[in-house]
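Now for the letters of each chain:
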Amino acid sequence: MLFAQVMPGETALAFYRAKNPTDVAIVGISTYNVVPFEAGQYFNKIQCFCFEEQRLNPHEEIDMPVFFYIDPDFCIDPKMEKVDIITLSYTFFEAKEDMTLTFPKYFASQSQTGISNIS
């Protein structure tokens, strides 16, 4: 487990290691999680490997960078008063070339009412 001491407002660079233990290349995307959840609003990624698909060749191991900072407003939020540690974790998912996402029918009706950007 890696630790980095980062003061709010200060930028930091961290690396996450990924390894493909299989005999075939894998293309995937990473999603992140911040704990405690309430601190997530103060965690800002400037540059991240999670913004793009990553290709890992068979048995390849790579270090992937994330450049980030903690918003200084973290210090003045009373809900963050007892938060000393923020944990950032990633989950790597294989991207499926032929996969298409389908949305429930109610999304189609919402897009007609002006809600078109789903994130």
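Note that this is a predicted model, so its numbers are computed, not measured. (Residues numbered from 1 in each chain as written. Predicted model: local features only at pLDDT ≥ 70, side-chain atom pairs only at ≥ 80, totals over all residues. Heavy atoms only, no water.)

Trainee: Looking at this model, I keep getting lost on the environment of R17. Mind explaining?
Mentor: Within the fold, R17 resides in strand β1 (residues 11-19). Along the chain, R17 and D63 lie 46 residues apart, while their C-alpha atoms are 4.4 Å from each other. Not counting residues up to four positions away in its chain, the partners in contact with R17 are E61, I62 and D63. Within the structure, R17 has its side chain in polar contact with the side chain of E61 (distance 3.3 Å). Within the structure, R17 has its side chain in polar contact with the side chain of D63 (distance 2.8 Å). (Helix = DSSP H or I, 4+ residues; strand = E, 2+ residues; numbered from the N terminus. Contact = heavy atoms within 4.5 Å. Polar contact = N/O pair within 3.5 Å; in protein donor to acceptor, adjacent residues only side chain to side chain.)

Trainee: Please explain the nonpolar core as it appears in this structure.
Mentor: Nonpolar side chains in soluble globular proteins tend to be buried together. Core analysis: the largest hydrophobic core is formed by 21 residues, its most contacted members being F49, V66, F74 and Y90. Residue assignment for this core shows that the elements contributing at least two residues are β1, β3 (43-48), β5 (61-70) and β6 (87-94). Ranked by residues supplied to this core, first place goes to β5 with five residues. When sequence neighbours within four positions are dropped, the list of residues in contact with V66 reads A12, L13, A14, Y16, K45, Q47, C48, F49, L88 and Y90. (Core = buried A, V, L, I, M, F, W, Y, C linked by side-chain atoms within 4.5 Å. Buried < 20%, exposed > 50% of the residue type's maximum accessible area, 1.4 Å probe, protein only.)

Trainee: Is there a simple way to explain the sheet that holds β6 in this structure?
Mentor: Adjacent strands of a sheet pair through backbone hydrogen bonds, lying either parallel or antiparallel. Read across the open sheet, the three strands follow the order β4-β2-β6; overall the sheet is antiparallel. Only two strands of the sheet have a single partner each, and these edge strands are β4 (54-56) and β6. Sheet twist, expressed as the mean angle between neighbouring strand axes with direction ignored, is 40 degrees. (Pairing = 2+ DSSP bridges. Axes fitted to C-alpha atoms, helices over the stretch in contact; angles between N-to-C directions.)

Trainee: Could you clarify how one ought to interpret the packing of aromatic side chains in this entry?
Mentor: Pairs of aromatic rings are described using the distance from one ring centre to the other and the angle between the two planes. In the structure shown here, the tally under the stated rule is four aromatic pairs. Arranged with centres 4.8 Å apart and planes meeting at 70 degrees, the rings of Y16 and Y90 form a pair that is edge-to-face. With Y16 in strand β1 and Y90 in strand β6, this residue pair connects regions lying 74 residues apart in the sequence. The class of Y16 is partly exposed, set by a relative accessible area of 23%. (Phe/Tyr/Trp six-rings, centres within 6.5 Å; stacked < 30°, edge-to-face > 60°.)

Trainee: How do you make sense of unusual backbone geometry when you look at a structure like this?
Mentor: When glycine is set aside, most residues are seen to have a negative phi, and most peptide bonds are trans. The peptide bond linking V35 to P36 adopts the cis configuration, its omega dihedral lying at 0 degrees. In this structure, P36 sits in the loop between β2 (26-35) and β3. Backbone geometry places H59, a non-glycine residue, at a positive phi of 60 degrees. Within the secondary structure, H59 sits in the loop between β4 and β5. Under the relative-accessibility criterion, H59 is labelled partly exposed at 47%.

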